[in-house]
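Chain residues, written in single-letter form:
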Amino acid sequence: LLSNSNVQNVARSSRIPTGRLLDAMGSQLDTGNTTEPSKADIKFVVTDEDFVTAYGIKTVAGRNFSKTFTTDTSAYVINETAVKALGLKNNESAIGKQFTYGGRKGNIIGVVNDFHFESLHQRILPLVFFMAFSSGNYNGISVKVSGNNLKGALAHIEQTWKKFLPETPYEYNFLDSRFEKLYASEQKQGIIFSVFSGIAIFIACLGLLGLSAFAISQRIKEIGIRKVLGAGAGNIVGLLSKDFLKLVLIAALIAFPVAWASMSKWLEDFAYRVDISLWIFAISAICATLVAFATISIQALKAANANPVKSLRTE
């Protein structure tokens, strides 16, 4: 695979990021004084020497697996969360510690930064990487390709696969599409809410337009008198809009706590989430006021610009 210039890295692993971390075994850490079973629930991923490099994972202490060291077949690399779960002071203090995982003894040779192996619905879990004794423990191959000639890279990968594994179906998928599937339900919800919000705003504007037209028709003579006495179009529009804008603000005060409570409940499904800031509600209130004012102004301007003689000469 690496013979093609479009292929940058190739790695093997038991699991691929976006998959669930479900596998865990018992662990023991030798602190120098005693070796006791760890209470931490540490998940594991079997990887080769190129996994960390292929995925751009940063090594914050120690080193990654290397073919130069034959003892790395029994070594371990853990993430920062695992360092904390094992009760170690810092990342550097983990290097060289004797660690037993699933009955397999070895030394911790490196610590990598915390990264999201799963979706943002789950917290970053304590994680340990170790190499497999045989290639049968690897379930997937990760191939990092350049974006210059994607078609050529895929053709080379397929050709290589069929050369060595002609009886096994060739299947592949992209990592970004796998991550996208993790949030497919949220994206669908976003589209549904956007559509129904638009419909609700449209219906509300129609109702507001009708209500303002009815209210203005009841005050048509008042408007005529005010114009005769020197009131301008701006004064009349402001007068007619004031009562309706009060109703919009009252509606916003009722809706905001409901919206905040429902969104907070929805965000509880995510281990990592944004905070609901007050400026979001402030912008929503301003937008609602502007939409309502624009809707009311249609009828208000029509009434303000009408000839007062026509409204006053009757009766």
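Notes on the structure follow. (Residues numbered from 1 in each chain as written. Predicted model: local features only at pLDDT ≥ 70, side-chain atom pairs only at ≥ 80, totals over all residues. Heavy atoms only, no water.)

The next thing to look at is the nonpolar core. Side chains that are nonpolar tend, in soluble globular proteins, to be buried together. One finds Ile78, Phe99, Tyr101, Val128 and Phe129 to be the most contacted residues of the largest nonpolar core, which totals 38 residues. Mapped onto this core, the elements with two or more residues apiece are strand 4 (43-46), helix 1 (51-54), strand 6 (76-79), helix 2 (80-85), strand 7 (98-101), strand 8 (104-112) and strand 9 (127-130). Those residues in contact with Val128 that sit more than four places away from it in its chain are Ile42, Lys43, Phe44, Val45, Tyr76, Val77, Ile78, Phe99 and Tyr101. In terms of nonpolar packing, the next biggest core, distinct from the first, is built from eight residues, Ile216, Leu240, Ala300 and Ala303 among them. (Core = buried A, V, L, I, M, F, W, Y, C linked by side-chain atoms within 4.5 Å. Buried < 20%, exposed > 50% of the residue type's maximum accessible area, 1.4 Å probe, protein only. Helix = DSSP H or I, 4+ residues; strand = E, 2+ residues; numbered from the N terminus. Contact = heavy atoms within 4.5 Å.)

The next point concerns the pairing of strand 7. In regular strands, side chains alternate between the two faces of the sheet. Strand direction decides the pairing type here: strand 2 (residues 27-30) and strand 7, joined by four bridges, are antiparallel. Within strand 7, the residue paired with Asp30 across the bridge is Gln98. Taking the residues that link successive antiparallel strands as the turn, the strand 7-strand 8 hairpin has two residues, and the phi of Gly102 there is positive, at about 60°. (Pairing = 2+ DSSP bridges.)

Once that is clear, we can look at empty space enclosed by the protein. Applying the stated criterion across every chain yields a total of one cavity of 30 Å³ or more. There is about 90 Å³ of room inside the largest cavity. In this structure, the largest cavity is lined by Leu21, Asn79, Phe115, His116, Phe117, Glu118, Ser119, Gln122, Arg123, Ile124, Leu125 and Leu127. Each residue belonging to the lining of the largest cavity can be placed in one class, and the counts come to six nonpolar, four polar and two charged. (1 Å grid on protein atoms, 1.4 Å probe; cavity = no way out; pocket = protein on both sides within 12 Å on 5 of 7 lines; lining within 4 Å. Points joined across faces, edges and corners; volume = space filled by probe spheres on them. Nonpolar A, V, L, I, M, F, W, Y, C, P; charged D, E, K, R; others polar.)

Read these as spatial facts, not as claims about activity.
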